[in-house]
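# Summary of the model geometry
For reference, the chains in residue letters:
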Amino acid sequence: MCGGVPRLQGPLTRETIVAEATPPGEGGIAIIRLSGPLAPAILSQIFRGNQPVEQWAGHRLYAGWLVDELGQPLDEAMAVWMRAPRSYTREHVVELQVHGSPLVVREAIHLCCAGGARPARPGEFTLRAFLNGRLSLAQAESVAQVIASESRAALQGHVSDLGGRFSRLVEQLRLDLLDWLSRLEAELDFGDEVAAEPQEANEARLLGLRQRVSRLLEGGEEGRIARRGVQVALVGPPNAGKSTLLNALLGTRRALVSPHPGTTRDRLEETLRAAGRTFRLVDTAGIRETEDPIESMGVALTRATAEESHLRLLVLDGSCSLPPLDPKVWNPDLVVLNKCDLEAALPVEEVVSWACAPALSVSAREGENLEKLLELLSERAGRVGQGSELEYFLTERQRAALHVVSSHLEELDATLRSGLSAEFLCLDLRAASQALGEILGLEISEEILERIFSTFCLGK
């Protein structure tokens, strides 16, 4: 694990835990995982092979049989023993592979519990890995994110975080804060022997720290995009075919379609995976002046959605003239001229000049040019969030902690410029380093740990 040892670490419980490590239900193979001091002894009781378990080489699969209390075979199986500390939890870990029958799995877990194990709680294997110093808390959180990844980009980022990239940078930042803190405390305690650093040196050091925190937060936003997808707002006048386009891109009917203007009054968000990317398409209410208070609320929500989205598609009816709206207000990334199966009324060149954005003719109803639209979306999505050279996959807890660090460094900047004594600088440095320690799990409450690991699946 990067950095120190979690403050909560003490003698871990001597209980041995067991859980199915594969999803419940029928399948080709099921894996039962045990961790704790009794794991090898329990395996000896329930597994029969050509060689006693005590003589096994570590990290090697052995073939044999799962047997009951009387030694009667229940299933053909394979097993592996990963000796402590060379295991995921740094305890003795045993994994038993059986056929994916729910009955066999229940029997195997029952036999393990009869041998002295207890059912594991969600995330308890990873919790033990964290408490034993195998993973930082940030790495442990990445385990759950890897399992929940919905895109290749998200998976690659979470695997990188699991390897400790983010933890190492946070730990180095924390050590640099503590180095400055120790320097200031030495000035306070031994002022006659330790010369104070010049104001310019302190300001330069603080600037570098603030820039590093900013880069972490910026990179975290890129990670959020890769994890949740690029948000694409479909905006435009009523009856331009936004809902039809949404349905066509999704390949299913999700939005209500009607020839009557104002049908869509609320936002509808759906996920689309295409061209190796994840998009969150948001259908919105049509833009127009209206006296209807409910429809007016829908238009206001459309504005808010457009502002918060990464990309904006301005959808127009290509068989009609230009609508009475200001394209600069909506700042479109791409104009979609829908209904190209009807007689064209809007030349693409005119629309490009009017909107100051590229335009593409499509037919949502007939499916024409939708592949080209997805290509253009993917191309523009690749430019989203390229302001940072780093990419991290922050949890909300990690992001909140970095904002706390940023806030304390901002206060420190004000203190430094005001000329107050080093005592006040130490207060903010100490608080900022503590917030970084919380990201790594060096200073963390049992309540927060319970909240984090309760979201994990059983067996992990």
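This structure is a prediction, so every number in the text was calculated from the model and none was measured.

Turning our attention to the overall build of the chain. Counting its regular elements, the chain contains 15 helices and 13 strands. With 460 residues in all, the chain has 47% of them scored as buried. For the chain, the computed accessible surface area is about 22,400 Å², with 51% contributed by carbon and sulfur atoms.

Bringing the environment of A400 into the picture now. Along the polypeptide, A400 turns up in helix α13 (residues 396–418). Expressed as a C-alpha distance, the spacing of A400 and A435, which sit 35 residues apart in the sequence, is 9.3 Å.

With omega at 0°, the peptide bond leading from A84 into P85 counts as cis. Relative to the helices and strands, P85 resides in the loop between β5 (73–82) and β6 (93–100). You will see that H59, though not glycine, has its phi angle at about 60°, which is positive. Within the secondary structure layout, H59 lies in the loop between β3 (47–49) and β4 (62–67).

A separate point is the sheet that holds β6. Taking strand neighbours across the sheet as the criterion, the seven strands line up as β3-β4-β5-β6-β2-β1-β7 in an open arrangement whose pairing is mixed. The outermost strands of the open sheet, each flanked by one partner alone, are β3 and β7 (117–119). When the angles between neighbouring strand axes are averaged without regard to direction, this sheet yields 35°. Here β5 pairs with β6 via five bridges, running antiparallel. Counted as the bridge partner of V80 is E95 from β6.

If you walk through the whole model with that rule in mind, you get three aromatic pairs. The interplanar angle of 90° and the centroid separation of 5.5 Å between the aromatic rings of F47 and W56 together place this pair among those described as edge-to-face. You'll find F47 and W56 in the same group, each marked buried. Relative to Y62, the ring of W56 has its centre 4.3 Å away and its plane inclined at 15°; by these criteria the two rings are stacked.

To continue, consider the sheet that holds strand β8 (residues 230–235). Strand order across the open sheet formed by six strands is β9-β10-β8-β11-β12-β13, with mixed pairing between neighbours. At either end of the open sheet lies a strand with only one pairing partner, and these are β9 (268–274) and β13 (359–361). For this sheet, the mean angle separating the axes of adjacent strands, direction not counted, is 25°. Where β8 lies against strand β10 (residues 277–283), five bridges are found, and the strand directions are parallel. Residue V232 lies in a different strand from β10, and its bridge partner there is L281.

This part covers a nonpolar patch on the surface. Nonpolar side chains collect at one region of the surface, where L420, F424 and L427 lie side by side and expose about 290 Å² of accessible area between them. Here F424 shows up in helix α14 (residues 422–440). Owing to a relative accessible area of 42%, F424 belongs among the partly exposed residues under this scheme.

On to the pairing of β5, then. In terms of strand pairing, β4 meets β5 through six bridges, oriented antiparallel. Residue G64 lies in a different strand from β5, and its bridge partner there is A77. Linking two consecutive strands that pair antiparallel, namely β4 and β5, is a turn of five residues; a positive phi of about 85° is found at G71 within it.

In terms of strand pairing, strand β1 (residues 16–20) meets strand β2 (residues 27–35) through four bridges, oriented antiparallel. Residue A19 lies in a different strand from β2, and its bridge partner there is R33. Here β2 runs beside β6; their pairing, made up of eight bridges, is antiparallel. Across the sheet, residue I29 finds its bridge partner in β6, namely H99.

It is worth spelling out the confidence of the model for the chain at this point. On average, residues of the chain score 83 in pLDDT, and 84% of them reach the 70 mark or higher. Taken together, the stretch residues 260–265 has pLDDT below 50 and engages in 20 contacts with residues farther than four places along the chain or on a different chain. Across residues 386–390, confidence stays below pLDDT 50; counting only partners more than four residues off in sequence or on other chains, it has nine contacts.

This paragraph deals with the nonpolar core. Counting 30 residues, the largest nonpolar core has F166, L402, L436 and I439 as the members making the most contacts within it. Those elements that provide at least two residues to this core are α6 (165–189), α7 (199–228), α13 and α14. Here this core gets nine residues from one element, more than from any other, and that element is α14. Counting residues in each nonpolar core, the second largest holds 26 residues, with L246, L272, L377 and A381 among its members.

What follows covers the pattern of salt bridges. What the rule picks out here adds up to 20 salt bridges. One salt bridge in this structure joins E185 and R430, with 2.6 Å as the shortest N-O distance. With a gap of 245 residues between them, E185 in helix α6 and R430 in helix α14 connect regions that are remote in the sequence. Residue classification places R430 among the partly exposed residues on the basis of a relative accessible area of 35%. Via salt bridges that share partners, E15, E91, R118, R121, E124 and R128 belong to a single interconnected network.

Before going further, it helps to examine helix α2 (residues 102–114). Across its 13 residues, α2 extends 18 Å between first and last C-alpha, which sits within 8% of the 18 Å expected from 1.5 Å per residue. Of the positions making up α2, those classed as buried are V104, V105, A108, L111 and C112. The buried residues of α2 occupy one face: seen down the axis, they fall within an arc of 130°. Opposite the packed face of α2, turned more than 90 degrees from it, sit the exposed residues R106 and A114. Backbone geometry just after α2 places G116 at a positive phi near 120°.

Rules used throughout
Residues numbered from 1 in each chain as written. Predicted model: local features only at pLDDT ≥ 70, side-chain atom pairs only at ≥ 80, totals over all residues. Heavy atoms only, no water. Helix = DSSP H or I, 4+ residues; strand = E, 2+ residues; numbered from the N terminus. Buried < 20%, exposed > 50% of the residue type's maximum accessible area, 1.4 Å probe, protein only. Areas by Shrake-Rupley, 256 points an atom, 1.4 Å probe, with all protein chains shown as cover. Pairing = 2+ DSSP bridges. Axes fitted to C-alpha atoms, helices over the stretch in contact; angles between N-to-C directions. Phe/Tyr/Trp six-rings, centres within 6.5 Å; stacked < 30°, edge-to-face > 60°. Patch = residues over 30% accessible without salt bridge, like charges linked within 9 Å, V, L, I, M, F, W, Y side chains within 5 Å. Salt bridge = Lys/Arg side-chain N within 4 Å of Asp/Glu carboxyl O. pLDDT = per-residue confidence, 0-100. Contact = heavy atoms within 4.5 Å. Core = buried A, V, L, I, M, F, W, Y, C linked by side-chain atoms within 4.5 Å. Expected span 1.5 Å × (residues − 1). Arc of directions from axis to C-beta.

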